[in-house]
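Below, each chain spelled out in residue letters.
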Amino acid sequence: MGNEQNVATMANQEQEFGEEPLEVRESGHYQDEYIKGFAERWDDLIDWDGRAASEGDFFIDVLRQHGAKHVLDVAAGTGFHSVRLQEAGFDVVSVDGSPNMLAKAFANGRKRGMILRTVHSDWRWLSRDIVGRYDAIICLGNSFTHLFDENQRHRVLAEFYSVLAHDGILILDQRNYDALLDNQGDGPSHQYYYCGDDVKAEPEHVDEGLARFRYTFADGSVFHLNMFPLRRDYVRGLMREAGFQQIDTYGDFQESYKHYDPDFFIHVAQKA
Ligand code: SAM
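Fair warning: this is a prediction, and the values are worked out from it, not measured in the lab.

Caption draft 1: Focus on the site of the ligand. Surrounding the ligand, one finds 20 residues, the nearest of these being Arg51, Ala75, Asp96, Trp123 and Leu140. Within the side chain of Trp42, an N or O atom sits 3.0 Å from an oxygen atom of the ligand. Residue Asp96 places a side-chain N or O atom 2.6 Å away from an oxygen atom belonging to the ligand. Protein coverage of the free-state accessible area of the ligand, which is 600 Å², stands at 99%. Assessed atom by atom at 2 Å from the grid points, the ligand resides in the largest cavity. Each residue belonging to the shell around the ligand can be placed in one class, and the counts come to 9 nonpolar, 8 polar and 3 charged.

If you want it as structure tokens, here you go:
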């Protein structure tokens with residue numbers, strides 16, 4: 001076995017998918033997926049400079065338009081948006097359910113001369129861990145997809161709703177799974193978000209209940225994420241049921257787009 005394969009095998013052994021990886025469809029399983037080795041490599045996958053260039057000031061502009069000051073980044077990951085928004089003058093609290101990702105976010109903040117305020121919390125019990133109300137919640141980088149159970153999606157949106165101020169907004173994005181499920185378009189061609197060099201992110205298995213992605217890094221290590229393939233209009237419906245009054249959905253940051261073209265949808269949901 002070559003060295004690259006050795007590294008890949010070792011890395012794989014750390015992620016726990018058991019004997020039937022396609023059967024792993026659990027909302028809490030992200031904890032076993034964002035292991036230390038993956039958290040360490042996540043920034044190779046997203047490449048902060050490339051990502052900043054591709055999304056521009058989209059989120060900053062939306063937040064300012066809505067007069068948001070206090071922002072809760074509920075899927076902080078390695079801290080990309082928390083750092084950018086704090087640099088832009090927002091008051092940010094960074095939440096994640098994975099201690100590995102949160103530790104990396106904190107370290108990334110330190111590298112840029114800031115102390116991120118981090119809270120280790122699972123969205124399903126968010127209001128237990130979060131004090132006060134926020135002007136905005138951001139849940140970005142295709143994170144909501146980790147919830148496999150419909151009741152838990154309802155519950156999480158209710159939790160988000162409850163920690164927002166009366167006129168707060170939720171900004172939540174998702175991969176365009178409609179294109180993937182309906183076998184339309186040419187996959188993640190535009191590389192928004194996942195724009196690191198020498199890193200491959202590709203679907204390994206897709207059905208109506210599972211999108212299993214494989215991430216291959218330059219050092220030969222391989223990781224997987226099991227996600228629920230959210231359809232765009234389903235998510236909009238969930239948000240409406242949670243009580244959000246207006247939901248605007250952008251495709252790759254544009255207001256008008258053809259359904260199957262964008263790689264990502266970004267929902268901006270208003271409470272009032
Ligand atoms: N927002 C970051 C980005 O764009 O780079 C991270 C995105 S990563 C795909 C998803 C993040 O959501 C992970 O850091 C994971 O730990 C977190 N996450 C998934 N399910 C969660 C839950 N139920 N509660 C809290 N965090 C969760």
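Caption draft 2: Quick peek at the sheet that holds strand S6 (residues 200–207). Strand order in the open sheet formed by 3 strands is S6-S7-S8, and the pairing between neighbours is antiparallel. With partners counted over all chains shown, the strands left at the sheet margins are S6 and strand S8 (222–227), one partner each. For this sheet the average axis-to-axis angle between neighbouring strands, irrespective of direction, equals 20°. Of the strand pairs in this sheet, S6 and strand S7 (residues 210–216) are connected by 7 bridges, and their pairing is antiparallel. For His205, the partnering residue across the bridge sits in S7 and is Arg212. Here helix H3 (residues 36–46) sits on the sheet and contacts S6, S7 and S8; the angle it forms with S8, its principal contact strand, is near 90°.

Caption draft 3: The arrangement of helix H9 (residues 150–162) in detail. Across its 13 residues, H9 extends 18 Å between first and last C-alpha, which sits within 8% of the 18 Å expected from 1.5 Å per residue. Turning to H9, its buried residues number three or more, namely Arg153, Val156, Leu157, Glu159 and Phe160. Seen along its axis, H9 keeps its buried residues to an arc of 155°; they face one direction. Tucked inside the fold, the buried residues of H9 contact helix H8 (126–129), strand S4 (134–139), strand S5 (164–175) and helix H11 (232–242). The N-terminus of H9 is capped by Asp149, whose side-chain oxygen sits 2.9 Å from the backbone nitrogen of Asn151.

Caption draft 4: Inspection of the packing of aromatic side chains at higher detail. Going through the model one piece at a time under the given rule, you end up with 17 aromatic pairs. Through a chain of ring-to-ring contacts, three or more aromatic side chains come together here, namely Tyr34, Phe38, Trp42, Phe213, Tyr215, Phe217 and Phe223. Across the ring face of Phe228, the terminal group of Arg153 is positioned such that the distance to the ring centre comes to 3.9 Å. One cation-aromatic arrangement involves Arg212 over Phe17; the distance from NZ or CZ to the ring centre is 4.5 Å.

Caption draft 5: Structural detail: empty space enclosed by the protein. On inspection of all chains with the given rule, the structure shows 1 cavity of 30 Å³ or more. For the largest cavity, the calculated volume is near 400 Å³. Taken together, 30 residues form the lining of the largest cavity, with Ala75, Gly77, Asp96, Leu140 and Ser143 sitting closest to its centre. Counting residues per element, the ones that place at least two in the lining of the largest cavity are H3 and helix H6 (80–87). By residue class, the composition of the lining of the largest cavity is 14 nonpolar, 11 polar and 5 charged.

Caption draft 6: Quick peek at the side chain of Gln174. Along the chain, Gln174 falls in strand S5. Within the structure, Gln174 has its side chain in polar contact with the backbone oxygen of Leu230 (distance 2.9 Å). In this structure, Gln174 is in contact with Asn142, Leu230, Arg231, Arg232, Val235, Asp263, Phe264, Phe265 and His267, ignoring residues within four places of it in sequence.

Caption draft 7: Examining the nonpolar core more closely. Counting residues in each nonpolar core, the largest one holds 55 residues, and the members touching the most others are Phe38, Leu72, Phe144, Phe160, Leu170, Leu172 and Met239. The element contributing the most residues to this core is H3, with 5 residues. Residues in contact with Leu170, not counting those within four places in the same chain, are Ile137, Leu157, Phe160, Leu164, Met239, Phe244, His267, Val268 and Ala269. With 19 residues, the next largest nonpolar core counts Ile60, Leu85, Ala136 and Ile138 among its residues.

Calculation rules
Residues numbered from 1 in each chain as written. Predicted model: local features only at pLDDT ≥ 70, side-chain atom pairs only at ≥ 80, totals over all residues. Heavy atoms only, no water. Near = heavy atom within 4 Å. Polar contact = N/O pair within 3.5 Å; in protein donor to acceptor, adjacent residues only side chain to side chain. Areas by Shrake-Rupley, 256 points an atom, 1.4 Å probe, with all protein chains shown as cover. 1 Å grid on protein atoms, 1.4 Å probe; cavity = no way out; pocket = protein on both sides within 12 Å on 5 of 7 lines; lining within 4 Å. Sits in = over half its atoms within 2 Å of the grid points. Nonpolar A, V, L, I, M, F, W, Y, C, P; charged D, E, K, R; others polar. Pairing = 2+ DSSP bridges. Helix = DSSP H or I, 4+ residues; strand = E, 2+ residues; numbered from the N terminus. Axes fitted to C-alpha atoms, helices over the stretch in contact; angles between N-to-C directions. Contact = heavy atoms within 4.5 Å. Expected span 1.5 Å × (residues − 1). Buried < 20%, exposed > 50% of the residue type's maximum accessible area, 1.4 Å probe, protein only. Arc of directions from axis to C-beta. Phe/Tyr/Trp six-rings, centres within 6.5 Å; stacked < 30°, edge-to-face > 60°. Lys NZ or Arg CZ within 6 Å of the ring centre and 35° of its normal. Points joined across faces, edges and corners; volume = space filled by probe spheres on them. Core = buried A, V, L, I, M, F, W, Y, C linked by side-chain atoms within 4.5 Å.

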